[in-house]
Structure formats: C-alpha cells, structure tokens
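Listed below are the residues making up each chain.
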Amino acid sequence: MSDKHIYCPNPYILAEIMPFGEVYPCSCGWIRGYSLGNIFKQSYDEIWNGERAKEFRQKLYDNDFSLCPGCQNLEILQEINDPEPKLISEPPERILLGLDEFCDVKCIFCRPENYKVNPNLIPKDKEDKLLEILSPWLSNAKYVKTNAVGEVFASKISRDLIKNIAIKFPNVKFEIITNGIQCTKENIEALNLTDKISMMTISLHAFKEETYNKIVKGGNYKKVIDNINYVSSLKKAGKIDRFELHFTVTSINYKEIPDMIKLCRAIDAKIRLLGLDCSRDLEELYNKINIQDSKHPEYNELVKITHSKEFQEGKDVVIQGHDYFSALEPVKVSFQDKLKRLFKTH
C-alpha cells in the first residue's frame, strides 16, 4: 500500500436523510446502513461533524472501504497526497430527502400487496418543525433530491417541504424522483418548482401499457406518458438540466429495453437500467423474475439484448445494479478489487 490516499467527496458534500430521521453520508444501501445520527434526536453539529462522521471519513482516508461494499460511484474517487485527513466538513451541498414513504402505487418488486406505511416515520411533534430542523442542513445546499422511498407529488409532507424549501432557500435546485402520475404542469408550478428543477427522474418500468399494468398496481400509464412528454418539452426548452427514465429490469419487461432506449432518445432523456432489489417479503417473486441471475432460464436472451449494437453504443444508457448488472459482467468482483483495478498503485 502506498502513502497515497483515495478521496471520496460524498461524506463531505452529501447527506441522505431517510425515514425515521436517520442520516447517512452516502446511499444507505451502499454503506451497510452506517448512520451518522438522527435529526429528530440530535443536533446538526452532533451528526454532521460528530464522532461517527469523523470515524467514517477517517476510514476512507485510511483506504478502508469496508463500509462501502455496494458502492456504484467509483468514477468520483480521486487519489490524494494529503498528509492529514479532513475530518470536519462544511454543511453538505447535496441533500437526499426520503422522510415519507407514502406512495400512490405499488410496484410488484417494491412493496408487498399488504404493505402499510409506518405512521411513525416522523414524530408527530416534529411534523410542523421539519423546515426548522432541516435548515442547518440546507444552509449550504445547492441540490435537494427527493423522494427515493415514496412518491413526492402524492405525499403532503413532501409537497409542503419542497414548497417551503423553495421559498426559504431560493437558490436550491431540486432533483425529483417520481412515478410520473402526478408530475403535471399544475403540480410543478404549485410547488414553486418552475425553473428550479435540476433533474427529473420518472420511473417507467415498461414500454407497453399491458406490461406496465403487470408491474405497477394502481398506476395510470396514459397519464405517465402525457407527463413524460411535458417534462421532455421542459428539457428541450432548456428548463431542466437532466431527464432520466428509470427501468428496473425483470423477466417481465426486459424484451422492451430496445424500445425504451428509442423512446428516451426521442424525448431527450437518458435511460437508467436498474438491478432488481426486492425486500425479504418478496424473495419468492425475486427469484422468479430476477433475469440478471445467470441461472435464470431467460438470462441468455437478456445478454443478447445487452450485446446489441444499439445498446452498446448508447451513451444515453446508464447501468446501475445493486451488485453488478450480471449480463454485462458475469464475474462478481469485490469492491476492494474494483478499487485496485481503478487505482493500480494500491
């Protein structure tokens, strides 16, 4: 091991604030759920520059990425020669807000049919104080991303919070994740989001309506398509910096990947192909539809699609899996091995 160190910017610029108020210095699923603290129980200083935050930053400085087995952001890592670690940080520039799990649909690989949102995600005595609690976190923020765990336009808590953030912190740009059903011109304007959206992400897990209805229970395919076209007009007019459609790859929809790529090119959007990530409650379904597993009977058909010229040459196709998108790289590689491959001096 050389005296060089690998620098990851996330623990200094990003805070993910999730259900129950837990704060993570990166995507919680990528860092073994390593929480820095809880916004409902601790102050901003106790969390962001507390002992757990310092410990996490120290580990990365020491080239110890044992807490980061699920990392999918290798491209942001840098080699540095700093003689001392930087353990104290300014307020984060990016906030990922996922405080409310309420959603107006149920995707079959996301939530079981009997799933009910926990009513105690936010303490009742804190609901009216959310903006006050979050203000120290937002004091240096350039971007706020919401909502990765629920539906932003269907949640009153999320809507009120976005509207108030847009007023109190007018320079903040928003990265919106939505199922698209209520992503209308009227709702965007009602939340003061006009000219404040940096990125819009709409989940569309099928190209055909019949496939969409198999995956998204309670959805409305035609409304989603209408709203996608509206967002596309904003992107083409330069009012949105980035536009993506998210497509979770399963045995139900994988044959529609080529058509989804063509759709994204027509609407000036990228397509992000996601690896399947089911809860334990959905393990039986996961095993049935996880076509990215080389043991799946249709796996080779998926490989053919990913090896096609259109797929391989598409700069607008982004791959993101919770391990590796196995059709592209069947050999599992540990995170430490990935680091060694990236930084050959280590």
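Residues numbered from 1 in each chain as written. Predicted model: local features only at pLDDT ≥ 70, side-chain atom pairs only at ≥ 80, totals over all residues. Heavy atoms only, no water.

A. The arrangement of helix α4 (residues 130-138) in detail. Buried residues of α4: Leu130, Ile133, Leu134, Ser135, Trp137 and Leu138, and no others. Tucked inside the fold, the buried residues of α4 contact β2 (14-17), β3 (22-24), α2 (44-48), β6 (94-97), β8 (143-146) and α5 (156-168). (Buried < 20%, exposed > 50% of the residue type's maximum accessible area, 1.4 Å probe, protein only. Helix = DSSP H or I, 4+ residues; strand = E, 2+ residues; numbered from the N terminus. Contact = heavy atoms within 4.5 Å.)

B. Spatial organisation of the side chain of Asn38. Positionally, Asn38 belongs in strand β4 (residues 37-38). Assessed through its relative accessible area of 4%, Asn38 is described here as buried. In terms of polar contacts, Asn38 uses its side chain to reach the backbone amide nitrogen of Phe40, at 2.8 Å. (Polar contact = N/O pair within 3.5 Å; in protein donor to acceptor, adjacent residues only side chain to side chain.)

C. Examining the packing of α4 against α5 more closely. One can describe the packing of α4 onto α5 by two numbers: an axis separation of 11 Å at closest approach and a directional angle of 50°. Classified by the angle their axes make, α4 and α5 are oblique. Of the two possible hands of crossing, α4 and α5 adopt the one that is right-handed. Here Leu130, Leu131, Leu134, Ser135 and Leu138 of α4 come into contact with α5, specifically with Ile157, Leu161, Asn164, Ile165 and Lys168. Grouping the constituent residues of the contact of α4 with α5 by class yields seven nonpolar, two polar and one charged. (Axes fitted to C-alpha atoms, helices over the stretch in contact; angles between N-to-C directions. Parallel < 35°, antiparallel > 145°, perpendicular 65-115°, else oblique. Left-handed = near helix turned anticlockwise from the far one by under 90°. Nonpolar A, V, L, I, M, F, W, Y, C, P; charged D, E, K, R; others polar.)

D. A look at the pattern of salt bridges. Enumeration according to the criterion identifies eleven salt bridges in this entry. Ionic pairing is found between Glu209 and Lys222, a salt bridge with its closest N-O pair at 3.0 Å. Taken as a pair, Glu209 in helix α7 (residues 209-215) and Lys222 in helix α8 (residues 221-236) lie far apart in primary sequence, 13 residues in all. Taking the relative accessible area as the measure of exposure, Lys222 reaches 51% and is therefore exposed. (Salt bridge = Lys/Arg side-chain N within 4 Å of Asp/Glu carboxyl O.)

E. Spatial organisation of α8. A rise of 1.5 Å per residue sets the reference length of α8, with its 16 residues, at 22 Å; its end C-alpha atoms lie 22 Å apart and thus fit the reference within 8%. For α8, every residue scored as buried is listed here: Tyr221, Val224, Asn227, Ile228, Val231, Ser232, Leu234 and Lys235. Relative to the axis of α8, the buried residues are bounded by an arc of 155° and lie together on one face. The exposed set on the far side of α8, more than 90 degrees from its buried face, consists of Lys222, Asp226 and Lys236. As for α8, its buried residues are in contact with β10 (197-203), α7 and β12 (242-248). One or two residues past the end of α8 sits Gly238, with phi positive at roughly 80°. (Expected span 1.5 Å × (residues − 1). Arc of directions from axis to C-beta.)

F. Seen up close, the environment of Glu51. With respect to the helices, strands and loops of the structure, Glu51 is situated in helix α3 (residues 51-61). We classify Glu51 as exposed; its relative accessible area is 60%. A C-alpha to C-alpha distance of 21 Å links Glu51 and Glu93, two positions 42 residues apart in sequence.

G. Molecular detail of the packing of aromatic side chains. Tallied over the full model, the rule gives five aromatic pairs. Judged by centre distance (5.4 Å) and plane angle (40°), the rings of Tyr34 and Phe56 are tilted. Residue Tyr34 is located in the loop between β3 and β4, and its partner Phe56 is located in helix α3; the two are separated by 22 residues in the primary sequence. The same class applies to Tyr34 and to Phe56, which are both buried. A connected cluster of aromatic rings, assembled from ring pairs, spans Tyr44, Trp48 and Trp137. (Phe/Tyr/Trp six-rings, centres within 6.5 Å; stacked < 30°, edge-to-face > 60°.)

H. Highlighting the confidence of the model for the protein chain. Per-residue pLDDT for the protein chain has a mean of 88; in total, 90% of the residues score no lower than 70. Low pLDDT, under 50, characterises residues 322-333; the predicted model gives this stretch 34 contacts beyond four residues in sequence or across chains. (pLDDT = per-residue confidence, 0-100.)

I. Main features of unusual backbone geometry. Look at the link from Thr146 to Asn147: it is a cis peptide, with omega at 5°. Mapped onto the secondary structure, Asn147 falls in the loop between β8 and α5. Phi at Asn63 takes a positive value of approximately 60°, unusual for a residue other than glycine. As for its placement among the helices and strands, Asn63 is situated in the loop between α3 and β5 (78-80). On the accessibility criterion, Asn63 (11% relative accessible area) is buried. Even without being a glycine, Asn192 presents a positive backbone phi close to 60°. Inspection of the secondary structure assignment puts Asn192 in the loop between α6 (185-190) and β10.

J. Layout of the state of the cysteines. Inspection of every chain in the model, using the stated rule, returns zero disulfides. Cys107 supplies the cysteine sulfur nearest to Cys103, a cysteine that is in no disulfide, at a spacing of 6.7 Å. Exposure remark for Cys103: the relative accessible area of 23% places this residue in the partly exposed category. Looking at Cys110, it has no disulfide partner, and the nearest cysteine sulfur is the one in Cys107, 6.0 Å off. The class for Cys110 is partly exposed, based on a relative accessible area of 46%. (Disulfide = S-S within 2.5 Å.)

K. Representation of the pairing of strand β9 (residues 173-178) in the model. The buried fraction of β9 amounts to five of the six residues, a majority that puts the element mostly inside the structure. Relative to β9, β8 runs parallel, the two being bridged by four bridges. Bridge pairing in β9 links Tyr143 to Lys173. Chirality of the crossover, the property in question, places the unit of β8, α5 and β9 among those that are right-handed. Pairing of β9 with β10 involves five bridges; the strand directions are parallel. The partner of Ile177 across the bridge, within β10, is Thr201. Considered for its hand, the β-α-β crossover made up of β9, α6 and β10 is right-handed. (Pairing = 2+ DSSP bridges. Right-handed = clockwise from strand over helix to strand, strands pointing away.)

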